[in-house]
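Given next are the chains, with one letter for each unit.
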Protein chains: 2
Amino acid sequence: MGCTGSAGRNSQNQLLMEKLYVIKIGGNIIDDEEKLGFFLKEFSSLPYKKILVHGGGKLATRMAAELNIPQQMIDGRRITDAETLKIVTMVYAGYINKNIVASLQKNGRNAIGLTGTDGNAILAHKRINKNIDYGFVGDIDEVNTSLLKTLLDQNIDIVFAPITHDGKGSLLNTNADTIAQEIARSLSSLYHVHLIYSFEKSGVLRDANDDSTLIRKIDPDSYADLKEKQLIFAGMIPKLDNAFAALDSGVAQVIIGKAEQLNQLIEGITGTTITHAS
Amino acid sequence: MGCTGSAGRNSQNQLLMEKLYVIKIGGNIIDDEEKLGFFLKEFSSLPYKKILVHGGGKLATRMAAELNIPQQMIDGRRITDAETLKIVTMVYAGYINKNIVASLQKNGRNAIGLTGTDGNAILAHKRINKNIDYGFVGDIDEVNTSLLKTLLDQNIDIVFAPITHDGKGSLLNTNADTIAQEIARSLSSLYHVHLIYSFEKSGVLRDANDDSTLIRKIDPDSYADLKEKQLIFAGMIPKLDNAFAALDSGVAQVIIGKAEQLNQLIEGITGTTITHAS
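Within any chain, residue numbers begin from 1 and follow the written order of that chain's sequence. Naming scheme: in the order in which they are written, chains are lettered from A and ligands are numbered from 1. The predicted nature of this model means local features are confined to residues of pLDDT at least 70 and side-chain atom pairs, given and counted, to a pLDDT of 80 or more, with totals for whole chains, interfaces and linings taken over all residues. Each side-chain value is derived from all of the structure's non-hydrogen atoms; neither hydrogens nor water enter the calculation.

## Some remarks on the pairing of strand β1 (residues 19–25) of chain A
Residues and elements named next belong to chain A. Counting buried positions along β1 gives six out of seven residues, so the element sits mostly inside the fold. What makes two strands pair is DSSP finding at least two bridges between them. Put simply, DSSP H or I for four residues or longer makes a helix, DSSP E for two residues or longer makes a strand, and each gets a number counted from the N terminus. As paired elements, β1 and strand β2 (residues 49–54) share six bridges and run parallel to each other. Its bridge partner being in β2, L20 is matched across the sheet by K49. Only protein chains enter the accessibility calculation, which uses a 1.4 Å probe; a residue whose area is less than 20% of its type maximum is buried, one above 50% is exposed, and one in between is partly exposed.

The structure is reproduced here in structure tokens:
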């Protein structure tokens, strides 16, 4: 899983390291031109090294419907057959990725769009599951940090589409949250990495439909308590498990919050901050 | 038009420079999985720095038909309206570009796929034409050589899709022959650049339907003669004009020939070589 290290071992070094923001934006923002434009303006103006990881949005589903390619879902996950892989490669790596890069260039930020096959940036393998064949879905083995560092050191922002490869000629559809987490972990030996999951909600909520129930800070103790009392929306649990795993691997900070409030998330005045110690 | 210089001025320096191959592959090869696979194997094994520029093939036209997007052609050129730009971005920058890169990775070559918006690699403007509105079609203003050099110096092959951008947020559909030529010209101050146009024919033919009528060498004198006597297939004339323009801008050599004979083209044992002196 690339370069990792315990939070303790890295905490001294990280103070001397340059800040890097790894920011995931969710599909609902991708689908909304106005929100995406606003987000990309805020993103462009951040005076830090940064990597953006985008999800897919609904365009791939729409395209598949228009092309009469049936979409099979199991437990809310898309099964990626060969035709679906073709569609998501076109939509995620082509249309969405290149338009985001063109917008950043318009905003005066130099940026480059990548998938995991570009520069062998993210090597993965086809998911192995006894019960379900997910098709061309990738689980990540390794992030190539040297290419990413070279680009970041040239003051180029990196924009990742959620596509990886297996090194044997196959592209693989890969969860964008996981890509963001693995990139953040791998780069935490080189940078003081802040990982932000931005989406349509204000952060981790006690009630998924009420933004005023935002939980501002979660540490391992309060997380155990919230889970036990079932006070967290179930859909957030994998995100939070990932967040703690990232902290364990050397990531300095994980923030979950609203994409339209990127500046405030970074300043720590809104969103949910996941920390080791209270 | 980036860094250019006369062939005379560069000839001394070029002997000291490292070789770079800029290779264009045509759409007919892209459409043929077996030929493309063979080409990419030969390409992968070339022990030189190299840049591949690919055309579009017929998939974009097929996709547009399946999605009921009418395609307007004027003088054999596709008019790129907003919906067509979306399709070509998906097909060229997504599907074709990323699958070529994944194949090169499988062959053990590290490669990265780019469009002109990535790293601001190729800046263009929307074509201005009094009589015809070509839509989102780009004419190239500038190639950013520093990013390309950084990647090449890391022993990463670069694969360009025929998409550029205008720096104002628009992607632009751009002729792949022209992209190859402008990249070759711009990099000729840094490398000893060989430009290869590879396609389905053996090179410049006296009779377009007869591969045995291959012309092995063309210099300015013989070109004038061939044109005057109408001994060249008319479709080759823009390619040849571009080839001489590239030589005038410092490109060391231009070769036109068959994609399946890449090694022989590079060894100079087949194809048409365009040179300044006879």
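## A few points about the pairing of strand β8 (residues 157–160) of chain B
The two faces of a sheet get side chains in turn, since along a regular strand they alternate between them. All names here are of chain B. Residue alternation in β8 divides its side chains into two sets, D157 and V159 and I158 and F160, and both sets are buried. The pairing of strand β2 (residues 49–54) with β8 spans three bridges and is classified as parallel. Directly across from L52, in β8, lies its bridge partner V159. Sheet analysis places strand β5 (residues 111–114) next to β8, joined by four bridges and oriented parallel. From the neighbouring strand, A111 faces β8, where its bridge partner is D157.

## A short note on the sheet that holds strand β13 (residues 253–258) of chain A
All names here are of chain A. If you trace the eight strands from one edge of the open sheet to the other, you get β5-β8-β2-β1-β11-β13-β14-β12, paired in mixed fashion. Single-partner strands in this sheet number two, and they are β5 (111–114) and β12 (217–218). In this structure, β1 lies alongside strand β11 (residues 192–199), joined through seven bridges in parallel fashion. Along β11, the bridge assignment pairs V22 with L195. Note on contacts: a residue pair is in contact if any heavy atoms of the two residues lie within 4.5 Å. Simply put, an axis is a line fit to the C-alpha atoms, just over the touching stretch for a helix, and the angle between two N-to-C directions goes from 0 to 180 degrees. Here helix α9 (residues 237–248) sits on the sheet in contact with β11, β12, β13 and β14 (272–274), set at roughly 150 degrees to β13.

## Re helix α5 (residues 82–106) of chain B
In an α-helix, one full turn covers 3.6 residues, which means residues spaced three or four apart are oriented alike. Residue and element names in this part refer to chain B. Expected helix span is computed as 1.5 Å times (number of residues minus one). The end-to-end C-alpha separation of α5 is 35 Å, in line with the 36 Å expected for 25 residues at 1.5 Å each. Fitting axes to the seven residues ending at a residue and to the seven starting there, one defines the bend at that residue as the angle between these axes. The largest bend in α5 comes to about 30 degrees, at N97. With 20 of 25 residues buried, α5 lies mostly within the body of the structure. In the stretch just after α5, G108 is the one whose phi turns positive, near 85 degrees.

## Some remarks on unusual backbone geometry
Residue and element names in this part refer to chain A. Of note, the phi angle at N120 is positive, near 55 degrees, even though the residue is not glycine. Within the element layout of this structure, N120 appears in the loop between β5 and β6 (122–126). Despite not being glycine, N155 has its phi angle at roughly 65 degrees, a positive value. Taking the relative accessible area as the measure of exposure, N155 reaches 46% and is therefore partly exposed.

## Here we look at the nonpolar core
Within the largest apolar cluster, 88 residues are counted, with the highest numbers of intra-cluster contacts made by A:I183 and B:I183. The residues touching A:I183, leaving out its near neighbours within four places in the chain, are A:V22, A:I51, A:V53, A:I122, A:V143, A:L148 and A:F160. Residues A:Y21, A:I23, B:F39 and B:I163 belong to the second largest nonpolar core, which totals 80 residues. By nonpolar core we mean a set of buried residues, namely Ala, Val, Leu, Ile, Met, Phe, Trp, Tyr and Cys, connected to one another through side-chain atoms within 4.5 Å.

## A closer look at the pattern of salt bridges
When a carboxyl oxygen of Asp or Glu lies within 4 Å of a side-chain nitrogen of Lys or Arg, that pair is called a salt bridge. This structure, assessed with the given rule, holds 25 salt bridges over all chains. Between B:E260 and B:K35 there is a salt bridge whose closest N-O contact spans 3.7 Å. Separated by 225 residues along the polypeptide, B:E260 in the loop between β13 (253–258) and α10 (262–267) and B:K35 in helix α3 (residues 33–45) bring together distant segments of the chain. Overall, B:E260 belongs to the partly exposed group, its relative accessible area being 24%. Among the residues examined, B:K35 registers a relative accessible area of 33% and is labelled partly exposed. With a shortest N-O distance of 3.0 Å, B:R127 and B:D139 are connected by a salt bridge. Note that B:R127 is positioned in the loop between β6 (122–126) and β7 (138–143) and B:D139 in strand β7, a separation of 12 residues in sequence. Judged by relative accessible area, which is 25%, B:D139 ranks as partly exposed. The network of salt bridges with shared partners includes A:K24, A:D177 and A:K239.

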